[in-house]
Amino acid sequence: MSNPDRKDLEQQKQAATNLAKVLWYYNLVYEVGNLKQKIVCPFHQDANPSMLVNLENGTWFCFGCNEMGDAPKFVQLMEKKYNGLNDLQARRKYNEILKSDKVSNIKVDTVAKMARSSPKQLYDEAYDFYHGLRTPDWLRDEEEEVLNARSYMENRGFEPETLQRVKAKVTYQYSYGLIFPITDNGKFRGWVCRTMRKDIEKRRKYLYNAGFSRATTLCGQYGSKQYVFVVEGYMDRLRFIQNGIDNVVALLGWKMSAQQEAKLKAAGVTDIISALDNDECGRKGTSYLKTISGFNVTRWCYMKGLKDPGDMNADNFKVMYKKTMLKYQENNNKKRRKSDGRFS
């Protein structure tokens, strides 16, 4: 390689490292397993990740608002939008970011190494990280981090007993302080962190471990009964558990994958009670479930004004549960009568 080529490569490597540090500083990336990834754009009202980040050459482009640039440009736009800084002030901020302790260990070499990690290596790292954290006593622990996390969850309507039951822990990290194990019928598959900070929540609520596959995972318990409750998110599943429902799975999305479908069928599940969110995506997800051969689908009876299980409290949960199970029994009776008439 000629000296000019080597110089260009080093400059590209430095640009990529700088962009990785900037994105990490603003809590916009939390794992660097992919050199090219999409993130939620902070420069416009972005519901789905529309900004493509290239950690090979240090550039970014948003397909939603058409902004593009490198690491300095990113800081310039961020500081102007959120802190009102001019270009000179933003440049000073950029230099401060590159020197900050928060990003001192971020390097493109590390990114490349992680990108080459095998699925088993990533799984082992996730397993070791979660199981290496201290197990708190959510009922009696007086540690500050535990108290803060418990207060946050109680304000959202979750009891310490529920956190104890699902083996939640604290990460002792600023951005994502709560961590939950993701288990598939009792087998550890990975973890998910939840931020407790409103400024970070606007950009990204949840952080999954590198290498985690939502499509191949059913988060929860299933197979002990012929029916299972299906929800979208981890917190939705937590709400059902708090109300005494164990056979509930979270898709971690609104549409069931082929692998998730196969897992339920292999476990002998024939009936699905869809408590996917009471919105357009949840209704689309429920409609899709009804197209799957081999499943009898009953829709959860949401009360007017409730968007998802996270909005439920103990009282209205009981009302909706009772109404839903009556509807489920009616559907089963109709199916049985139809079957009897067909084969009589």
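Note that the structure is a prediction, hence the values are computed from the model and not measured. (Residues numbered from 1 in each chain as written. Predicted model: local features only at pLDDT ≥ 70, side-chain atom pairs only at ≥ 80, totals over all residues. Heavy atoms only, no water.)

### Describing the overall build of the protein chain
Along its length, the protein chain carries 12 helices and 13 strands. The dimensions of the protein chain, computed from C-alpha atoms along their principal axes, are 85 × 50 × 40 Å. The 344 residues of the protein chain split such that 44% are buried. As displayed, the protein chain offers around 18,300 Å² of accessible surface, 48% of which is attributable to carbon and sulfur atoms. When the 57 positive and 41 negative side-chain charges of the protein chain are each reduced to one mean point, those points stand 5 Å apart. (Helix = DSSP H or I, 4+ residues; strand = E, 2+ residues; numbered from the N terminus. Buried < 20%, exposed > 50% of the residue type's maximum accessible area, 1.4 Å probe, protein only. Areas by Shrake-Rupley, 256 points an atom, 1.4 Å probe, with all protein chains shown as cover. Lys, Arg positive; Asp, Glu negative; His and termini not counted. Charge placed at Lys NZ, Arg CZ, Asp CG, Glu CD.)

### Re the packing of aromatic side chains
As enumerated under the stated definition, the model contains 22 aromatic pairs in all. Note on Phe229 and Phe240: the rings are 5.4 Å apart at their centroids and 45 degrees apart in plane angle, and the pair reads as tilted. Residue Phe229 is found in strand E10 (residues 227-231), and its partner Phe240 is found in helix H9 (residues 234-242); the two are separated by 11 residues along the sequence. Taking relative accessible area as the criterion, Phe229 reaches 0% and is therefore assigned buried. Relative accessible area serves as the criterion here: at 0%, Phe240 is assigned to the buried category. When the ring of Trp300 is compared with that of Phe317, the centres are 5.4 Å apart and the planes differ by 40 degrees; the resulting orientation is tilted. Taken together, the residues Trp300 in the loop between strand E13 (296-299) and helix H12 (314-343) and Phe317 in helix H12 connect sequence positions 17 residues apart. Accessibility classification places Trp300 together with Phe317 in one group, the buried group. Here a set of aromatic residues connected by ring pairs shows up, and it is made of Tyr227, Phe229, Phe240, Trp300, Phe317, Tyr321 and Tyr328. Above the face of the Tyr288 ring, Lys255 is positioned so that its terminal group lies 4.7 Å from the ring centre. Directly above the aromatic system of Phe295 lies the positively charged group of Lys265, at a separation of 5.4 Å from the ring centroid. (Phe/Tyr/Trp six-rings, centres within 6.5 Å; stacked < 30°, edge-to-face > 60°. Lys NZ or Arg CZ within 6 Å of the ring centre and 35° of its normal.)

### Topic: the sheet that holds strand E2 (residues 51-54)
Judged by pairing direction, the sheet is antiparallel, and its 4 strands sit side by side in the order E1-E2-E3-E4 without closing on themselves. Looking along the sheet, the strands with just one partner apiece sit at the ends: strand E1 (36-39) and strand E4 (68-69). Across the sheet, helix H2 (residues 71-83) touches E2, strand E3 (59-62) and E4, and the angle it forms with E3 is around 45 degrees. (Pairing = 2+ DSSP bridges. Contact = heavy atoms within 4.5 Å. Axes fitted to C-alpha atoms, helices over the stretch in contact; angles between N-to-C directions.)

### Looking at the environment of Lys107
Tracing the backbone through its elements, the reader meets Lys107 in the loop between helix H3 (87-99) and helix H4 (108-115). Residue Lys107 is classed as partly exposed on the basis of its relative accessible area, which comes to 49%. Taking the C-alpha atoms as reference, Lys107 lies 9.9 Å from Leu19; in sequence the two are 88 residues apart.

### So, the environment of Met78
Tracing the sequence through the fold places Met78 in helix H2. The class of Met78 is buried, set by a relative accessible area of 3%. If sequence neighbours within four positions are ignored, Met78 has contacts with Tyr26, Pro42, Phe43 and Asn83.

### Comments concerning H9
Of all 9 residues in H9, 9 are buried; the element is thus mostly enclosed. Those residues of H9 not exposed but buried are Tyr234, Met235, Asp236, Arg237, Leu238, Arg239, Phe240, Ile241 and Gln242. Immediately downstream of H9, the backbone of Gly244 shows phi near 85 degrees, a positive value.

### Describing the pairing of E1
With burial as the criterion, only one face of E1 is covered, namely that bearing Gln37 and Ile39; the residues Lys36 and Lys38 on the opposite face remain uncovered. Direction of pairing for E1 relative to E2: antiparallel, over a ladder of 4 bridges. From the neighbouring strand, Ile39 faces E2, where its bridge partner is Met51.

### Overview of the pattern of salt bridges
One pass over the structure, following the stated rule, counts 12 salt bridges. A salt bridge links Arg194 to Glu201; its shortest N-O distance comes to 2.7 Å. In this structure Arg194 comes out as buried when scored by relative accessible area, which is 3%. For Glu201, a relative accessible area of 26% gives the class partly exposed. Sharing partners across several salt bridges, the network here consists of Asp277, Asp279, Lys307 and Asp308. (Salt bridge = Lys/Arg side-chain N within 4 Å of Asp/Glu carboxyl O.)

### A few points about H2
If you check H2, its first and last C-alpha atoms are 17 Å apart, about what 13 residues at 1.5 Å a residue would give, namely 18 Å. When H2 is considered as a whole, its buried residues turn out to be Ala71, Phe74, Val75, Leu77, Met78 and Glu79. One side-chain oxygen at the N-terminal end of H2 lies 3.1 Å from the backbone nitrogen of Lys73; it belongs to Asp70. Positive phi appears at Gly84, one or two residues downstream of H2, with a value of about 70 degrees. (Expected span 1.5 Å × (residues − 1). Polar contact = N/O pair within 3.5 Å; in protein donor to acceptor, adjacent residues only side chain to side chain.)

### A word on the packing of H2 against H3
Contact pair H2 / H3: the axes reach a minimum separation of 9 Å and the direction vectors enclose 120 degrees. Here H2 is positioned oblique relative to H3, judged by the angle of their axes. H2 and H3 meet at a crossing whose hand is right-handed. The residues of H3 that touch H2, namely those facing Ala71, Pro72, Val75, Gln76 and Glu79, are Asp87, Ala90, Arg91, Lys93, Tyr94 and Ile97. (Parallel < 35°, antiparallel > 145°, perpendicular 65-115°, else oblique. Left-handed = near helix turned anticlockwise from the far one by under 90°.)

All we've got here are geometric facts, nothing functional implied.
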